[in-house]
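# Chain and residue survey
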2 protein chains.
Amino acid sequence: MDDRLFSKPIDLKDFSVKDGFFTPEMELVRKEVIPYQWNALNDNIPEATPSFCMRNYKLAGKITEERIRYGKARKPIEPSFPWGCFPEDRNNPEDKFYGFVFQDSDFAKWIEAVAYSLTNHPDPELEKTADEAIDIVVSAQQENGYLDTYYILSDLSKAFTNLRDHHELYCLGHLIEGAVAYYSATGKDKLLKAAEKYADYVGECFGPEEGKKKGYPGHEIIEMALVRLYEVTGKKKYLDLSRYFIDERGKKPYYFDLEDPSRVKPGDEDKERDFYHQAHRPVRNQDEAVGHAVRAVYLYSGMADVARLTGDEELLKACERLFDSIVKRKMYVTGGIGATHMGEAFSFDYDLPGDTAYAETCAAIGLVFFARRMLEIRPDRKYGDVMERALYNGVLSGMALDGKSFFYVNPLEVLPKACHRDERKFHVKSVRQKWFGCACCPPNIARLLSSVPTYAFTENSDTLFVHLYIGGTLKKRFGDTECVFNLESGFPFDGKVKVSYGSDVKTVGTLALRLPGWCKKPGYRIEGSTKETFEKDGYLYIKGEWNKGDRIELDFDMEAVFVRSNTAVFEETGRVCLTRGPLVYCLEEADNGKDLHLLSVDTGASVKVADFDALKVTGMKQLEAFGHRIVPDAEDGDLYTEYKGLNKKETSLKFVPYYAWNNRGEGEMRVFVAAED
Amino acid sequence: MDDRLFSKPIDLKDFSVKDGFFTPEMELVRKEVIPYQWNALNDNIPEATPSFCMRNYKLAGKITEERIRYGKARKPIEPSFPWGCFPEDRNNPEDKFYGFVFQDSDFAKWIEAVAYSLTNHPDPELEKTADEAIDIVVSAQQENGYLDTYYILSDLSKAFTNLRDHHELYCLGHLIEGAVAYYSATGKDKLLKAAEKYADYVGECFGPEEGKKKGYPGHEIIEMALVRLYEVTGKKKYLDLSRYFIDERGKKPYYFDLEDPSRVKPGDEDKERDFYHQAHRPVRNQDEAVGHAVRAVYLYSGMADVARLTGDEELLKACERLFDSIVKRKMYVTGGIGATHMGEAFSFDYDLPGDTAYAETCAAIGLVFFARRMLEIRPDRKYGDVMERALYNGVLSGMALDGKSFFYVNPLEVLPKACHRDERKFHVKSVRQKWFGCACCPPNIARLLSSVPTYAFTENSDTLFVHLYIGGTLKKRFGDTECVFNLESGFPFDGKVKVSYGSDVKTVGTLALRLPGWCKKPGYRIEGSTKETFEKDGYLYIKGEWNKGDRIELDFDMEAVFVRSNTAVFEETGRVCLTRGPLVYCLEEADNGKDLHLLSVDTGASVKVADFDALKVTGMKQLEAFGHRIVPDAEDGDLYTEYKGLNKKETSLKFVPYYAWNNRGEGEMRVFVAAED
């Protein structure tokens with residue numbers, strides 16, 4: 001791996017955000033999402049499906065001595081699809097586990113978001129709530145370290161017997177991520193110790209040694225979580241366990257078949273199977289992103305982590321192939337991934353329908369994870385561009401501008417009546433929802449947004465990499481010298497960025513600034529002491545001695561650009577979308593009236609960029625293009641008529657940022673529009 | 001109903017087919033489909049899913065004395081979705097019912113096709129086989145008349161307890177249709193008597209009288225079948241029973257809820273429900289074709305029958321509204337109906353996606369039924385045009401040109417890899433299948449094609465209506481005089497038609513010839529004795545005295561016409577299809593290479609009509625249009641790029657009749673193509 005250039009994310013504590021765009025987003029998370037989530041975790045939101053999360057922990061934790069007997073005395077709960085158990089009467093639940101089998105992870109994602117929030121914004125009351133929640137969670141931990149309320153409350157003897165479907169290792173993965181974050185934020189290690197104890201128990205149960213299970217999780221995440229645990233504790237056994245799970249995956253005979261031989265349909269014995277879980281073949285031999293999209297990118301993120309830490313060239317090559325498989329053949333222009341709701345999964349190459357898209361918010365988040373991890377190995381614009389695309393479009397579209405409602409599915413074309421009347425599109429919601437029974441996306445957005453500086457900036461001892469442009473103050477240590485950079489950014493609405501060196505001490509080091517792929521002629525001006533500059537893989541490197549007042553001005557021209565899909569994308573032939581800077585735009589009914597399918601856009605005419613105040617986001621721009629609207633047939637007209645051209649009228653088309661769609665009530669939306677040459 | 005002009009289908013015996021197009025199709029049914037079906041009914045096709053149909057009848061019939069005990073001794077079989085019971089080991093089935101709960105209808109559809117075939121083509125051996133089959137079927141009939149092997153072989157006490165899902169009345173409907181047809185063809189009434197006896201028993205169980213069930217079938221057909229039974233027996237009780245089922249449907253409280261109160265979800269009590277079964281409200285108040293498409297058009301056909309016979313103006317109005325709902329807002333250009341596979345159902349207005357279409361063959365057949373019944377009430381081109389459209393396109397596409405394989409689903413756009421890899425399109429097959437476990441479509445095609453003259457011609461005492469142009473000799477009785485018309489037709493490939501009066505006797509009467517809506521300037525020439533002619537509702541009426549040698553030559557110009565969908569059809573905006581005469585055309589990979597989505601057609605350029613021999617169908621034409629092909633991006637190119645127009649090359653596009661697609665192996669197909677103005 002000699003040609004690699006490693007870096008790691010900055011410590012979240014080292015960046016103080018002051019950004020026109022992300023500060024409000026992070027404040028939403030702090031003020032809206034985190035308190036709402038806490039209520040959701042405690043079933044205190046009457047209009048939402050109960051989570052049962054904290055209730056399960058309390059139930060599992062209270063019965064300390066009789067815990068095992070209690071569990072065994074009860075009939076094992078066989079969860080029905082989709083993997084949940086729900087009370088018949090919400091007001092009179094029995095004393096057993098309720099919710100999805102992965103409900104424990106809701107707490108873990110919440111505590112992770114809380115940790116990041118506390119880092120930037122200390123809040124003793126919130127920290128007290130968090131500490132109390134941790135007490136409850138830890139009280140449920142078994143002597144041996146096991147800590148999954150689903151089995152604690154049903155039958156502990158069945159623990160780790162259904163890795164494919166029952167998400168224990170997934171929940172542990174999230175628990176580790178939450179525990180590491182909380183420890184890093186507060187220095188408190190109670191949850192970290194519990195996570196370590198559980199991870200140690202998992203290490204006793206799984207591994208290459210005789211007598212241990214040769215399994216791996218049905219839903220990945222533990223791979224990257226164990227790497228974080230390794231990095232915070234320094235204990236190599238966690239890295240080894242992560243690598244074990246990665247290496248074991250997809251080996252034949254398939255572990256999931258050994259777990260339950262009835263899973264193999266007669267005649268399928270020799271076929272590659274379990275694409276859904278990315279377990280069809282060893283990961284090193286995988287070339288195509290397949291199956292459940294969130295699981296896939298979580299796995300690939302873990303693979304990239306392990307490849308980075310172990311210098312495993314073969315594993316890295318697999319990551320590179322899988323990254324290309326996604327971004328060259330399976331990604332929406334919004335950075336959304338997972339084209340089909342059947343299995344929330346990747347479809348085949350170039351199958352990217354806008355109207356039935358799944359493009360789960362969590363999957364776009366997972367793509368951000370994966371891209372950042374590839375950047376940690378090698379800073380290349382292709383990773384940064386994808387990370388930016390996913391973050392500003394397919395991730396942010398998952399949350400309303402007021403932080404109070406969420407999309408799980410992020411389609412590129414919405415016709416509300418189709419969402420209501422066409423069962424094929426019932427997964428597509430035409431308005432954001434308050435909360436979900438399977439509430440993976442809202443807390444996932446919360447933890448990503450509240451830690452977004454760790455995606456924007458990575459570093460090594462002599463270089464600071466700037467992948468995303470976020471305003472604020474960054475502490476950086478070049479060698480032994482600590483210094484400060486101040487950043488100002490107009491992103492995503494304005495391409496002007498200023499970076500200034502803010503310390504009195506001189507220091508020698510390199511700044512590497514991403515030159516976004518969407519900007520044709522990035523402008524930059526360097527003021528102050530002379531430095532060496534060069535461009536490599538889409539990054540501008542500025543190397544030399546830094547003195548107070550040194551200053552870089554970047555100007556990334558954000559012109560509106562019509563973008564088309566590859567000709568192989570059969571669903572979007574002859575259509576274009578409009579982008580500006582990192583943002584993908586869309587047409588909404590609110591600005592353009594109904595029947596968006598009748599509109600076409602003149603790709604030769606100029607596009608007007610105008611301030612757009614209707615959504616009350618500072619700096620937001622509307623794009624106005626010229627085009628035509630097909631005059632609709634008379635009401636009750638014939639369904640089929642001889643074609644004699646179409647009657648069209650000139651019109652202007654008004655585009656708003658995709659991430660901000662559906663903040664003005666229900667209405668049609670589409671990203672791709674018919675192109676007029 | 002004073003402004004109506006009633007007619008009824010000709011007796012199949014009165015028409016001797018000699019037609020370049022339909023004779024071969026009917027011969028296929030006789031030589032291929034009927035024998036194959038018989039083998040299928042008897043589980044003699046190793047590569048096909050067993051039908052169990054005749055086996056169930058034999059099992060039910062053999063145990064004459066102990067029949068009821070036998071049934072009760074067995075645990076009732078609760079069929080799993082989709083309503084079938086299947087043996088774990090095909091070679092060692094247990095002595096119980098197997099197959100779908102409606103498996104009995106396979107026999108009924110077969111005997112109906114056999115009957116029509118015997119009418120035109122006596123075949124003592126086939127008739128003997130049929131008689132033996134009837135013996136088996138009738139042997140299973142219970143003392144009280146009941147005759148449904150699913151309950152006979154499980155638990156007779158449960159008969160008629162699940163009308164919504166268990167298809168007993170549907171099977172009886174088919175049995176009646178088969179029995180009437182066999183009686184009409186052969187004069188043998190054994191099956192007819194059995195059907196009557198079963199119908200009588202149903203009449204004892206259902207009706208307005210106290211103590212009788214107030215039910216109606218989950219799957220309609222018995223409505224129109226009972227009308228046929230009334231018409232052949234003259235017994236009004238069958239018409240009354242049909243009307244009862246029609247009137248009862250959709251009344252509140254819903255019968256299906258009374259049958260099983262657990263079907264009502266809490267909160268839904270007051271909502272309209274059961275759209276799937278067209279049972280959401282009384283049929284007279286229905287305005288929109290909804291739910292399972294086959295069931296819907298079968299119901300509407302029965303409604304039209306009853307409206308015609310009872311002079312029920314309100315019911316007729318409902319039929320007219322529902323017909324318009326289909327043909328103005330819910331029908332593919334092929335006459336296919338049922339836009340979604342979710343429930344094999346109608347979608348909402350104008351939702352007509354080509355690639356995920358369901359458009360079941362049986363539904364197009366049902367639309368033919370419905371249209372013919374509307375024609376029986378009032379000869380109007382709008383019904384004849386739809387009947388023709390469905391028959392020549394959406395129905396015939398269901399069967400391969402060799403009569404050996406079948407489509408259940410008839411999409412308008414096929415990408416084979418999507419059928420293999422996209423679960424959302426798994427219902428779409430890229431090649432016709434040998435047979436289906438749920439084998440409704442192949443026998444339905446067989447019975448329609450072998451009785452097609454009864455759709456082409458209807459009559460009353462003074463008028464012969466020609467709705468479809470089929471060659472052959474037709475016996476017609478005007479008043480008391482029997483005479484003969486000879487017809488020659490080049491349909492569907494050539495629009496020249498000759499009708500000559502072939503009798504020595506003079507007679508007075510009217511010929512009413514449909515002037516197809518697709519023909520802009522129909523030409524006709526009348527030779528011989530002077531007659532009154534006039535056009536009304538798209539029919540040419542020729543009225544007067546007929547003398548030997550009187551002759552009408554019709555010339556319906558079949559020019560190639562580009563057709564577009566209504567602007568409200570959002571899936572096909574900017575696209576056209578190519579039609580010629582009654583045929584819809586399509587592009588196939590075999591003629592145009594892969595990536596059909598890259599093609600566009602110049603709607604202004606002329607279309608060349610050429611003989612097309614590749615499929616060995618006499619007279620078939622290929623259409624050649626001018627257009628362009630987008631030059632595909634380089635392999636492994638970027639997924640999204642700035643739009644700078646598209647690189648296109650001139651090309652010719654070759655279209656073949658849609659019904660004949662997929663007779664040259666697997667490949668892409670599409671009906672609608674991007675239009676160049």
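Please refer to the structure placed before this passage.
All of the points below concern the structure found in this document.

Definitions and limits used
- Residues numbered from 1 in each chain as written.
- Chains lettered and ligands numbered in written order.
- Predicted model: local features only at pLDDT ≥ 70, side-chain atom pairs only at ≥ 80, totals over all residues.
- Heavy atoms only, no water.
- Buried < 20%, exposed > 50% of the residue type's maximum accessible area, 1.4 Å probe, protein only.
- Helix = DSSP H or I, 4+ residues; strand = E, 2+ residues; numbered from the N terminus.
- Pairing = 2+ DSSP bridges.
- Axes fitted to C-alpha atoms, helices over the stretch in contact; angles between N-to-C directions.
- Parallel < 35°, antiparallel > 145°, perpendicular 65-115°, else oblique.
- Left-handed = near helix turned anticlockwise from the far one by under 90°.
- Contact = heavy atoms within 4.5 Å.
- Nonpolar A, V, L, I, M, F, W, Y, C, P; charged D, E, K, R; others polar.

### What to know about the pairing of strand S7 (residues 463–466) of chain B
Residues and elements named next belong to chain B. Burial of the side chains of S7 extends over both faces: Thr 463 and Phe 465 are buried on one face and Leu 464 and Val 466 on the other. Bridging between strand S6 (residues 457–459) and S7 involves three bridges; their strand directions are antiparallel. Across the sheet, residue Phe 457 finds its bridge partner in S7, namely Val 466. In this antiparallel pair of consecutive strands, S6 and S7, the connection spans three residues. Bridging between S7 and strand S11 (residues 507–514) involves four bridges; their strand directions are parallel. Its bridge partner lying in S11, Phe 465 is registered against Ala 512.

### Focus: the packing of helix H8 (residues 190–205) of chain A against helix H10 (residues 236–248) of chain A
All names here are of chain A. Running from N to C, H8 and H10 cross one another at 50°; their axes reach a closest spacing of 11 Å. Classed by the angle they form, the pair H8 and H10 counts as oblique. For the element pair H8 and H10, the recorded crossing hand is left-handed. Listed contacts from H10 to Glu 196, Ala 199, Asp 200, Val 202 and Gly 203 of H8 are Lys 237, Tyr 238, Leu 241 and Phe 245. By residue class, the composition of the contact of H8 with H10 is five nonpolar, one polar and three charged.

### A few points about the sheet that holds strand S10 (residues 496–501) of chain A
Residues and elements named next belong to chain A. The antiparallel open sheet is built from six strands, whose spatial order is S2-S8-S9-S10-S15-S12. Two strands in the sheet have a free side with no partner beyond their single neighbour: strand S2 (15–17) and strand S12 (523–527). The mean angle between the axes of side-by-side strands here comes to 15°, regardless of whether they run parallel or antiparallel. Pairing between S12 and strand S15 (residues 551–555): five bridges, direction antiparallel. Paired with Tyr 524 across the two strands is Leu 554, which belongs to S15.

### A few points about the sheet that holds S6 of chain B
Residues and elements named next belong to chain B. Across the sheet, six strands lie side by side as S1-S6-S7-S11-S14-S13; this open sheet has mixed pairing. On the outer flanks of this sheet lie strand S1 (8–9) and strand S13 (531–536), each paired with one strand and no other. Sheet analysis places S1 next to S6, joined by two bridges and oriented antiparallel. Residue pairing for S6: Pro 9 is matched across the bridge by Thr 458. The strands that helix H15 (residues 381–395) touches are S11 and strand S14 (539–546); relative to S11, the one it contacts most, it runs at about 60°.

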